[in-house]
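Coordinate inspection notes
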Amino acid sequence: AVTSIEEFIESFDNKPTLFTHATKLSAAHAKNLQGKGHTIIHCPISNRLLGNGVLNLKGLYEYQLPYVCATDGLSSNYSLDLLEELKAALFMHDDADLDTLSISLLHSITTTAGEALGLKTGRIQAGWDADMLVFELDKEIAHEEDLALHLILKQFPLHHIFINGTDHKKG
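A short tour of the structure in this document, coming up. (Residues numbered from 1 in each chain as written. Predicted model: local features only at pLDDT ≥ 70, side-chain atom pairs only at ≥ 80, totals over all residues. Heavy atoms only, no water.)

**So, the nonpolar core**
If you look at the biggest cluster of nonpolar residues, it comprises 22 residues, and the most contacted ones within it are I40, L60, Y67 and L105. When residues of this core are traced back to their parent elements, those giving at least two are α2 (27-33), α4 (57-62), β3 (67-69), α5 (82-92), α6 (98-109) and α8 (147-153). Ignoring any residue separated from it by four or fewer positions in sequence, one finds Y67 in contact with T39, I40, H42, L57, L60, Y61, L101, S104, L105, S108 and T112. Membership of the second largest hydrophobic core comes to five residues, among which are C43, V68, A70 and A113. (Core = buried A, V, L, I, M, F, W, Y, C linked by side-chain atoms within 4.5 Å. Buried < 20%, exposed > 50% of the residue type's maximum accessible area, 1.4 Å probe, protein only. Helix = DSSP H or I, 4+ residues; strand = E, 2+ residues; numbered from the N terminus. Contact = heavy atoms within 4.5 Å.)

**A look at the pattern of salt bridges**
Using the criterion set out here, one finds three salt bridges in the structure. When the shortest N-O distance is used, the salt bridge between D95 and K58 registers 3.4 Å. Here D95 is found in the loop between α5 and α6, whereas its partner K58 is found in helix α4, with 37 residues between them in sequence. Across this residue pair, the class does not change: D95 and K58 are exposed. A salt bridge links E115 to R123; the nearest nitrogen and oxygen atoms lie 2.5 Å apart. With relative accessibility at 44%, the residue E115 sits in the partly exposed group. (Salt bridge = Lys/Arg side-chain N within 4 Å of Asp/Glu carboxyl O.)

**A look at the pairing of strand β2 (residues 39-42)**
On β2, burial covers both faces: T39 and I41 on one face and I40 and H42 on the other are all buried. In this structure, strand β1 (residues 18-20) lies alongside β2, joined through three bridges in parallel fashion. Opposite F19, over in β2, you have I40 as the bridge partner. Read as a crossover between parallel neighbours, the route from β1 over α2 to β2 is right-handed. Note: β2 against β3, three bridges, orientation parallel. Its bridge partner being in β3, H42 is matched across the sheet by C69. (Pairing = 2+ DSSP bridges. Right-handed = clockwise from strand over helix to strand, strands pointing away.)

**Quick word on a nonpolar patch on the surface**
Taken together, L18, L117 and L119 make up a surface patch of nonpolar side chains, about 270 Å² in accessible area. By the element assignment, L117 lies in helix α7 (residues 111-117). Residue classification places L117 among the exposed residues on the basis of a relative accessible area of 54%. (Patch = residues over 30% accessible without salt bridge, like charges linked within 9 Å, V, L, I, M, F, W, Y side chains within 5 Å. Areas by Shrake-Rupley, 256 points an atom, 1.4 Å probe, with all protein chains shown as cover.)

Structure, rendered in structure tokens:
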């Protein structure tokens, strides 16, 4: 190695960076990244297929490091289906509460992803890009707190795709 992990991380101190995988991120490294605008890109399926280990989400929460769930590339994954990746993350992080993790995962691909890329997207808010997917939900979702979990686990029919507020009906 040309540099140590510490030197590598410190070289990004003044440059908000997307760090991919980070499955070997120690508490000391996470603390060093904290508060500097960095985001961890979590690719559960690739991490499993490559044998890289599991991202420590509790450590990210502890050090307030945002993460985005993503697919990685086809060289290390069998699909680019983001919903499939979210589902894999649900099963990979078996020590997490399902409802809390589901909400966190959906937040990671919406608000956190927009923030990490410096885009005004991922929120339904005035002045932000109106990019949305509209699904038809089952009537069987009895409790609102289960909505995020159901969105990840089930393949609800996609009825509309809004990009910059323009409806591109799926058809």
